[in-house]
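So the chains spell out like this:
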Amino acid sequence: MIFTIPNFLSPEELHRIGEILQQAEFVDGKLTAGWYAKQVKHNQQLKGKTATTTTLRKLVQGAFDCNPLFQTAVRPRKIHSILFSRYDEGMSYGRHADNALMGAEFWRSDVSFTVFLNSPSDYDGGELAIESADDEKSYKLDAGSAIVYPSSTLHRVDPVIRGTRFVAVGWVQSLIRDPSQREILFDLETVRRSIFAKEGKTTEFDLLSKSVANLLRRWAD
(Lines give C-alpha, C1' and ligand atoms only; values in the text may rest on other atoms or scores of the structure.)
Protein backbone atom coordinates (compact mmCIF):
# COMPACT_ATOMS: atom_id res chain seq x y z
CA MET A 1 0.00 0.00 0.00
CA ILE A 2 1.31 3.42 -1.02
CA PHE A 3 -0.14 6.54 0.54
CA THR A 4 0.77 10.18 1.07
CA ILE A 5 0.41 12.33 4.19
CA PRO A 6 -0.10 16.02 3.31
CA ASN A 7 1.09 18.56 5.89
CA PHE A 8 2.90 15.83 7.79
CA LEU A 9 5.25 18.42 9.34
CA SER A 10 3.97 21.72 10.70
CA PRO A 11 5.25 24.97 9.15
CA GLU A 12 7.24 25.60 12.35
CA GLU A 13 8.88 22.17 12.23
CA LEU A 14 9.63 22.56 8.54
CA HIS A 15 11.20 25.99 9.06
CA ARG A 16 13.37 24.71 11.89
CA ILE A 17 14.60 21.74 9.86
CA GLY A 18 15.28 23.91 6.83
CA GLU A 19 17.39 26.39 8.78
CA ILE A 20 19.47 23.58 10.27
CA LEU A 21 20.01 21.81 6.94
CA GLN A 22 21.17 24.98 5.22
CA GLN A 23 24.07 25.21 7.71
CA ALA A 24 24.74 21.48 8.26
CA GLU A 25 27.66 19.36 7.11
CA PHE A 26 26.85 16.67 4.54
CA VAL A 27 28.89 13.64 3.49
CA ASP A 28 28.84 11.24 0.55
CA GLY A 29 25.60 9.25 0.53
CA LYS A 30 27.42 6.11 -0.61
CA LEU A 31 28.56 5.62 3.00
CA THR A 32 25.12 4.23 3.92
CA ALA A 33 24.38 2.35 0.68
CA GLY A 34 24.47 -1.41 0.19
CA TRP A 35 27.30 -2.82 -1.91
CA TYR A 36 25.33 -2.77 -5.17
CA ALA A 37 23.41 0.46 -4.45
CA LYS A 38 26.71 2.36 -4.18
CA GLN A 39 26.92 2.14 -7.97
CA VAL A 40 23.73 4.17 -8.44
CA LYS A 41 23.58 6.37 -5.33
CA HIS A 42 24.76 9.91 -6.05
CA ASN A 43 23.66 12.21 -3.25
CA GLN A 44 24.81 13.66 0.07
CA GLN A 45 23.62 12.88 3.58
CA LEU A 46 23.77 14.64 6.92
CA LYS A 47 26.58 13.27 9.08
CA GLY A 48 25.12 10.47 11.18
CA LYS A 49 26.61 10.74 14.67
CA THR A 50 26.09 14.37 15.59
CA ALA A 51 23.83 16.21 18.03
CA THR A 52 22.19 18.00 15.09
CA THR A 53 21.28 14.75 13.35
CA THR A 54 19.94 13.26 16.57
CA THR A 55 17.73 16.31 17.12
CA LEU A 56 16.32 16.18 13.59
CA ARG A 57 15.71 12.44 13.77
CA LYS A 58 13.74 12.84 17.00
CA LEU A 59 11.65 15.58 15.42
CA VAL A 60 10.71 13.46 12.38
CA GLN A 61 10.13 10.34 14.45
CA GLY A 62 7.93 12.31 16.84
CA ALA A 63 5.78 13.43 13.93
CA PHE A 64 5.31 9.82 12.83
CA ASP A 65 4.54 8.74 16.40
CA CYS A 66 1.70 11.29 16.53
CA ASN A 67 0.25 10.70 13.06
CA PRO A 68 -2.91 8.54 13.25
CA LEU A 69 -2.93 7.57 9.56
CA PHE A 70 0.66 6.34 9.71
CA GLN A 71 0.10 4.47 12.98
CA THR A 72 -3.03 2.73 11.70
CA ALA A 73 -1.72 1.83 8.25
CA VAL A 74 1.82 0.81 9.20
CA ARG A 75 1.51 -0.57 12.77
CA PRO A 76 5.16 0.30 13.53
CA ARG A 77 7.26 -1.76 15.89
CA LYS A 78 10.40 0.29 15.19
CA ILE A 79 11.05 3.41 13.09
CA HIS A 80 14.74 3.29 12.27
CA SER A 81 17.68 4.46 10.15
CA ILE A 82 16.33 7.96 9.46
CA LEU A 83 18.61 9.84 7.05
CA PHE A 84 18.59 13.42 5.78
CA SER A 85 19.56 13.62 2.12
CA ARG A 86 20.58 16.44 -0.17
CA TYR A 87 20.48 16.28 -3.96
CA ASP A 88 22.24 19.09 -5.79
CA GLU A 89 22.19 19.60 -9.54
CA GLY A 90 23.14 16.39 -11.35
CA MET A 91 22.59 14.12 -8.34
CA SER A 92 20.23 11.12 -8.37
CA TYR A 93 19.64 7.68 -6.88
CA GLY A 94 19.22 5.03 -9.53
CA ARG A 95 16.86 2.06 -9.55
CA HIS A 96 17.22 -0.08 -6.41
CA ALA A 97 15.43 -1.99 -3.69
CA ASP A 98 16.06 -1.18 -0.03
CA ASN A 99 18.11 -3.50 2.14
CA ALA A 100 15.94 -6.02 3.98
CA LEU A 101 17.86 -5.67 7.28
CA MET A 102 19.45 -2.48 8.58
CA GLY A 103 21.63 -1.27 11.43
CA ALA A 104 23.56 -3.12 14.08
CA GLU A 105 20.30 -4.56 15.44
CA PHE A 106 19.27 -5.86 11.98
CA TRP A 107 15.90 -4.15 12.01
CA ARG A 108 13.71 -5.35 9.16
CA SER A 109 12.63 -2.85 6.50
CA ASP A 110 8.95 -3.54 5.82
CA VAL A 111 7.91 0.02 5.00
CA SER A 112 9.89 2.97 3.62
CA PHE A 113 9.09 6.67 3.81
CA THR A 114 10.24 9.92 2.25
CA VAL A 115 9.48 13.31 3.82
CA PHE A 116 9.86 16.23 1.43
CA LEU A 117 11.61 19.11 3.20
CA ASN A 118 11.62 21.90 0.63
CA SER A 119 9.25 23.24 -1.98
CA PRO A 120 9.05 21.48 -5.37
CA SER A 121 9.54 24.90 -6.94
CA ASP A 122 13.06 24.97 -5.45
CA TYR A 123 14.28 22.34 -7.90
CA ASP A 124 13.57 20.69 -11.25
CA GLY A 125 13.69 16.93 -11.60
CA GLY A 126 14.29 14.86 -8.47
CA GLU A 127 11.03 12.92 -8.65
CA LEU A 128 10.67 9.75 -6.58
CA ALA A 129 9.58 7.00 -9.01
CA ILE A 130 8.07 3.82 -7.53
CA GLU A 131 7.53 0.77 -9.72
CA SER A 132 4.64 -1.67 -9.57
CA ALA A 133 4.07 -4.86 -11.56
CA ASP A 134 3.04 -3.15 -14.80
CA ASP A 135 3.77 0.57 -14.43
CA GLU A 136 5.40 3.22 -12.28
CA LYS A 137 4.33 6.48 -10.68
CA SER A 138 6.40 9.55 -9.85
CA TYR A 139 6.02 11.74 -6.77
CA LYS A 140 7.20 15.26 -6.02
CA LEU A 141 5.24 16.46 -3.01
CA ASP A 142 4.85 19.78 -1.26
CA ALA A 143 7.26 20.68 1.51
CA GLY A 144 6.25 18.99 4.74
CA SER A 145 4.40 16.14 3.02
CA ALA A 146 5.38 12.48 3.29
CA ILE A 147 4.96 9.37 1.17
CA VAL A 148 4.91 5.85 2.64
CA TYR A 149 5.51 2.78 0.46
CA PRO A 150 6.59 -0.89 0.68
CA SER A 151 10.34 -1.36 1.10
CA SER A 152 10.11 -4.29 -1.30
CA THR A 153 9.45 -2.05 -4.31
CA LEU A 154 11.98 -1.02 -6.91
CA HIS A 155 12.29 2.76 -6.87
CA ARG A 156 14.63 5.59 -7.83
CA VAL A 157 15.18 9.34 -7.53
CA ASP A 158 15.46 11.00 -10.91
CA PRO A 159 18.33 13.44 -11.54
CA VAL A 160 17.98 16.98 -10.19
CA ILE A 161 18.51 19.35 -13.09
CA ARG A 162 18.15 22.64 -11.19
CA GLY A 163 18.35 23.64 -7.54
CA THR A 164 18.58 21.43 -4.46
CA ARG A 165 16.25 18.73 -3.14
CA PHE A 166 16.12 18.04 0.63
CA VAL A 167 14.35 14.98 2.04
CA ALA A 168 14.28 12.77 5.10
CA VAL A 169 14.07 9.04 4.43
CA GLY A 170 13.68 6.12 6.79
CA TRP A 171 12.31 2.66 7.34
CA VAL A 172 9.91 0.80 9.60
CA GLN A 173 9.77 -2.69 11.01
CA SER A 174 6.05 -3.31 11.34
CA LEU A 175 4.28 -5.39 13.93
CA ILE A 176 2.56 -6.99 10.93
CA ARG A 177 5.12 -8.42 8.53
CA ASP A 178 2.74 -9.25 5.67
CA PRO A 179 1.61 -6.17 3.66
CA SER A 180 -1.73 -7.72 2.68
CA GLN A 181 -2.51 -8.35 6.35
CA ARG A 182 -1.61 -4.74 7.20
CA GLU A 183 -4.04 -3.58 4.53
CA ILE A 184 -6.84 -5.79 5.88
CA LEU A 185 -6.30 -4.40 9.37
CA PHE A 186 -6.23 -0.85 8.03
CA ASP A 187 -9.54 -1.33 6.18
CA LEU A 188 -11.21 -2.88 9.23
CA GLU A 189 -9.89 -0.14 11.52
CA THR A 190 -11.14 2.54 9.12
CA VAL A 191 -14.64 1.03 9.12
CA ARG A 192 -14.57 0.54 12.89
CA ARG A 193 -13.74 4.19 13.53
CA SER A 194 -16.35 5.35 11.01
CA ILE A 195 -19.08 3.36 12.78
CA PHE A 196 -18.02 4.75 16.15
CA ALA A 197 -18.00 8.33 14.82
CA LYS A 198 -21.52 7.97 13.39
CA GLU A 199 -23.27 5.66 15.83
CA GLY A 200 -21.10 5.22 18.92
CA LYS A 201 -20.43 1.90 20.58
CA THR A 202 -22.83 -0.43 18.78
CA THR A 203 -22.99 -4.21 18.49
CA GLU A 204 -21.38 -3.95 15.06
CA PHE A 205 -18.57 -1.84 16.50
CA ASP A 206 -17.95 -4.40 19.25
CA LEU A 207 -17.81 -7.29 16.76
CA LEU A 208 -15.37 -5.40 14.53
CA SER A 209 -13.25 -4.51 17.56
CA LYS A 210 -13.12 -8.18 18.56
CA SER A 211 -12.10 -9.19 15.02
CA VAL A 212 -9.34 -6.57 14.83
CA ALA A 213 -7.98 -7.65 18.21
CA ASN A 214 -8.07 -11.33 17.30
CA LEU A 215 -6.33 -10.73 13.96
CA LEU A 216 -3.63 -8.74 15.74
CA ARG A 217 -3.11 -11.66 18.13
CA ARG A 218 -2.80 -14.01 15.17
CA TRP A 219 -0.60 -11.84 12.91
CA ALA A 220 1.54 -9.65 15.19
CA ASP A 221 5.23 -10.43 14.91
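A brief look at the structure comes next. These numbers come from a predicted model, not from an experiment.

Turning our attention to the pattern of salt bridges. Per the counting criterion, the structure on display carries eleven salt bridges. For the salt bridge of aspartate 221 with arginine 177, the shortest nitrogen-to-oxygen distance reads 2.9 Å. Of this pair, aspartate 221 sits in the segment after helix H5 (203-219) while arginine 177 sits in the loop between strand E16 (165-174) and helix H4 (179-199), placing them 44 residues apart in sequence. The exposure class assigned to aspartate 221 is partly exposed, which follows from its relative accessible area of 35%. Classification of arginine 177 as partly exposed rests on a relative accessible area of 48%. Residue lysine 201 pairs with aspartate 206 through a salt bridge whose shortest N-O separation is 2.9 Å. With relative accessibility at 60%, the residue lysine 201 sits in the exposed group. Using a relative accessible area of 32% as the deciding quantity, one classes aspartate 206 as partly exposed. Salt bridges here are not isolated pairs; linked through shared partners, they connect Arg108, Asp110, Arg177 and Asp221.

A word on unusual backbone geometry. One non-glycine residue, asparagine 7, lies in the positive phi region at around 50°. Along the chain, asparagine 7 turns up in the loop between strand E1 (3-5) and helix H1 (11-23). The exposure class of asparagine 7 is exposed, given its relative accessible area of 66%. Even without glycine at this site, phenylalanine 106 takes up a positive phi of about 55°. With respect to the helices and strands, the residue phenylalanine 106 is situated in the loop between strand E7 (101-102) and strand E8 (107-108). You can call phenylalanine 106 exposed: its relative accessible area is 57%.

Computed from the structure, the largest pocket encloses a volume of approximately 450 Å³. What lines the largest pocket is a set of 33 residues, and nearest its centre among them are Lys41, Leu83, Tyr93, Asp98 and Trp171. Of all the secondary-structure elements, those providing two or more residues to the lining of the largest pocket are strand E5 (76-87), strand E6 (92-96), strand E9 (111-116), strand E14 (155-157) and E16. Each residue belonging to the lining of the largest pocket can be placed in one class, and the counts come to 16 nonpolar, 13 polar and four charged. Looking at the second largest pocket, its volume works out to about 210 Å³. Thr54, Arg57, Lys58, Gln61, Lys78, Ile79, His80, Ser81, Ile82, Gly103, Glu105 and Trp107 are the residues that line the second largest pocket. When contributions to the lining of the second largest pocket are tallied by element, the ones reaching two or more residues are helix H2 (51-65) and E5.

Cut-offs and rules
- Residues numbered from 1 in each chain as written.
- Predicted model: local features only at pLDDT ≥ 70, side-chain atom pairs only at ≥ 80, totals over all residues.
- Heavy atoms only, no water.
- Salt bridge = Lys/Arg side-chain N within 4 Å of Asp/Glu carboxyl O.
- Helix = DSSP H or I, 4+ residues; strand = E, 2+ residues; numbered from the N terminus.
- Buried < 20%, exposed > 50% of the residue type's maximum accessible area, 1.4 Å probe, protein only.
- 1 Å grid on protein atoms, 1.4 Å probe; cavity = no way out; pocket = protein on both sides within 12 Å on 5 of 7 lines; lining within 4 Å.
- Points joined across faces, edges and corners; volume = space filled by probe spheres on them.
- Nonpolar A, V, L, I, M, F, W, Y, C, P; charged D, E, K, R; others polar.

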